[in-house]
Amino acid sequence: MHNQRVFVSGGAGVIGRELVAMLVEKGAIVMVGDLEPIPGDFPKGVIYRRGDLNYITQQELDYFDPEVFIHLAATFERSAETYEHWEENFWHNLRLSNYLMTLMRNVPSLRRVVYASSYLIYSKELYNFDAPRAEPVSLHEDDPIYPRNLTGLAKLAHEVEIDFLAKFKSEKFSSICARIYRGYGKNSRDVISRWIRDLMADKTLSIYNPEGIFDYIFAGDSAEGLLRLAEVDDAGIVNLGTGRSRSVADVVDVLARSFPDMKKEYLSGEGKYEASQADITKLKSLIDWTPRRTLEDTIPEMIAYEREAKLRDELKPRNVLMTSISKKVPLISAVRMAVSKVSDGARVIGGDINEHCVGRNFVDAFWHMPRLSELSVETLVQYCKKADVGLIIPTRDGELQYFAEHKEVLNAQGIHVMVSDQSSIIACFDKLTFGQIPGIDAIPAYDRVEDINDSKIVVKERYGAGSISIGLDLSREEAVSHAKRLQNPIYQPYVSGQEVSVDAYIDRTGQIKGVVMRRRELVVDGESQVTTTFSDKALESRFREILSELKLYGHVILQAMISSTNGVKVIECNPRFGGASTLSVHMGLDSFYWAYLESMHESLEPYQFLRGRKEVTQVRHAQDTYL
């Protein structure tokens, strides 16, 4: 596995944590995708992608270009499946497995797929009985199958899908499905973990069918088995269990050694008595290995883990408030997509002073906001707490100073704002000040026409978006005349060349997460109507230097002019998400996703910027929507 690229879905789970550590120890390059926050004990260097993998893109996977795919991600319920599991099973089991393999089959370097399946696929008539059994039934890979529940059905469905793909892709990659038996481990929801937590809380154990016999396999052994299966080329189905079952009563006895005063009650089970174990003959022949861990040595380890674990409240995903949404439908869609990667329950709330704005039809909830001059920070905090808002995304130049001013107060109340500090906002907002910042190659700006020597002049407003009421390529007389129509005019020399926009995301540590450059090919009212991405390492390096000088946070846009005579000349910097910035999201600059993670106090270090390999042209146009 040394230097091999391995993608692990569900890698933050009980098996995944063990597996990722083993992969890193072997020198593998590991990328993990999971709904949960990155575990605090994850090895350094793991590339992490938090969020619903139903939204991962071909671009992301192609960029990492895994050679091995180990698919662990799944949802399940330990006891009888509830009515709500119907939809969860489809989305996180059936749909997810199909979607990931749909993308994976196209990844250029993929050579091995390992799928964590389940023994729940086997017909329950083989191992469920009306009365307790003295000996378990050994289940063989060729035994009859009839899934026991929805989870088992989903596992079987994907086994069939993988077998189907093997008919067409066997020369490209091999695949194996490991039917895992009754798993348990640290930080899990399995019955052994639940009992340990109950005993630590001095609760009474409710024990059903103590005569039941199961093939308990520790997560560390499951992980090692999957890793070994990833290292061979054999295809098909294989059991992954210990081959030596134990009774529920055995589990209780081992727990009693650490909890001699345990309180327990034996209840009559409503179901049948299970007596199953894995026939691991094939497993031994494939990898010359069998699971080693036992209940006696793993349960004390799990108890120690639970006792040492620091109690902490996980920050649940909260709602997002976008302000001044107006008719910014593409921007709303980008935020919605980012939030859905992390949570399917969080809402996108839109705010605007116009209660009839178009954008209100595209958000989950709408807030008819007062004007900022009439909105106290106390009222804003009150609204955010009532609406469970954890992140505010300002979208208009005129409101950036307000939110920058109150940023620390809001942050103290657990409300994160995607906005730079006030001093940086002011420096960008004031075009005269901005033009005088050293080291950023800005086009110089003057408040008197007499101070400019150039024959071709640009006149624009000193504050706010420079494209508003701008006068380009004017003579001195025309510049003076145009300035009379502006409130606070400034004058700049006219610089010709190729106009470009540079979208970037800067995290809360000041690190530039990623940069996407694009040419502005058709500009209407200051916004790019047609724009195309491009790559240039030297230019990108220079833009990174400029952005570092400005000390910004969040999504920012540099406007610059590139010419053979003048080189790089920065026109202005807008410290917010722009109208055409959705192209940068398409190219992998996942600004709203990163901001959402940061609002939950996650470090972005494990989350890589995966820039699209192909350059893209964006054409912005009106589109009808039917509600």
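I will try to describe carefully the structure that is included in this document. (Residues numbered from 1 in each chain as written. Predicted model: local features only at pLDDT ≥ 70, side-chain atom pairs only at ≥ 80, totals over all residues. Heavy atoms only, no water.)

Re the side chain of D507
- Note on placement: D507 falls in the loop between β26 (498-506) and β27 (512-524).
- Polar side-chain contacts of D507 include one of 2.7 Å to the side chain of T509.
- If we skip the residues at most four places from it in the chain, D507 touches Y553, E598 and L604. (Helix = DSSP H or I, 4+ residues; strand = E, 2+ residues; numbered from the N terminus. Polar contact = N/O pair within 3.5 Å; in protein donor to acceptor, adjacent residues only side chain to side chain. Contact = heavy atoms within 4.5 Å.)

Topic: the packing of helix α10 (residues 329-342) against helix α19 (residues 591-599)
- Interaxial distance between α10 and α19 falls to 8 Å at its minimum, and their mutual angle equals 50°. Taken together, α10 and α19 sit at an angle that is classed as oblique. Considering how the two elements wind past one another, α10 and α19 form a crossing that is right-handed. Between α10 and α19, the residues in contact are L331, A334, V335, A338, V339, K341 and V342 and F592, Y593, Y596 and L597, respectively.
- Looking at the contact of α10 with α19, its residues break down into 10 nonpolar, no polar and 1 charged. (Axes fitted to C-alpha atoms, helices over the stretch in contact; angles between N-to-C directions. Parallel < 35°, antiparallel > 145°, perpendicular 65-115°, else oblique. Left-handed = near helix turned anticlockwise from the far one by under 90°. Nonpolar A, V, L, I, M, F, W, Y, C, P; charged D, E, K, R; others polar.)

Concerning the side chain of Q492
- As for its position among the elements, Q492 is in strand β25 (residues 489-493).
- A polar contact of 3.2 Å, which involves the side chain of Q492, links it to the backbone oxygen of I443.
- Contact partners of Q492, with chain neighbours within four places excluded, come to I443, P444, A445, I452, K456, I457, V458 and K460.

A few points about a nonpolar patch on the surface
- On the surface, I470, L472 and Y494 cluster together into a nonpolar patch covering about 250 Å² of accessible area.
- If you trace the backbone, L472 turns up in strand β24 (residues 471-474). (Patch = residues over 30% accessible without salt bridge, like charges linked within 9 Å, V, L, I, M, F, W, Y side chains within 5 Å. Areas by Shrake-Rupley, 256 points an atom, 1.4 Å probe, with all protein chains shown as cover. Salt bridge = Lys/Arg side-chain N within 4 Å of Asp/Glu carboxyl O.)

Here we look at unusual backbone geometry
- Backbone geometry at S324 places phi at a positive 50°, although glycine is not the residue there.
- With respect to the helices, strands and loops of the structure, S324 is situated in the loop between β18 (319-323) and α10.
- Residue classification places S324 among the buried positions, given a relative accessible area of 12%. (Buried < 20%, exposed > 50% of the residue type's maximum accessible area, 1.4 Å probe, protein only.)

So, the sheet that holds strand β22 (residues 416-417)
- An order of β20-β19-β18-β21-β22 is seen for the 5 strands of this open sheet, with the pairing classed as parallel. The sheet is open, and its two borders are formed by β20 (365-368) and β22, each paired with just one other strand.
- Sheet topology places β18 next to strand β21 (residues 389-393); 4 bridges connect them, and they run parallel. Its bridge partner being in β21, M322 is matched across the sheet by I393.
- Contacts from helix α11 (residues 377-386) reach β18, β19 (348-352), β20 and β21 within the one sheet, and its direction differs from that of β21 by about 125°. (Pairing = 2+ DSSP bridges.)

Let's talk about a negative patch on the surface
- Residues E84, E87, E88 and D344 make up a contiguous surface patch of negative charge.
- Positionally, E88 belongs in helix α3 (residues 85-104).
- Under the relative-accessibility criterion, E88 is labelled partly exposed at 35%. (Lys, Arg positive; Asp, Glu negative; His and termini not counted. Charge placed at Lys NZ, Arg CZ, Asp CG, Glu CD.)

Quick notes on the nonpolar core
- If you look at the biggest cluster of nonpolar residues, it comprises 100 residues, and the most contacted ones within it are L23, I192, L255, M322, V335 and F592.
- The leading source of residues in this core is α10, at 7 residues.
- Leaving out residues up to four positions away in the same chain, I192 has contacts with Y184, Y216, V251, L295, I299 and M302.
- Within the second largest apolar cluster, 25 residues are counted, among which are I512, M517, I546 and I562. (Core = buried A, V, L, I, M, F, W, Y, C linked by side-chain atoms within 4.5 Å.)

Remember, this is a structural readout, not a statement about activity or role.
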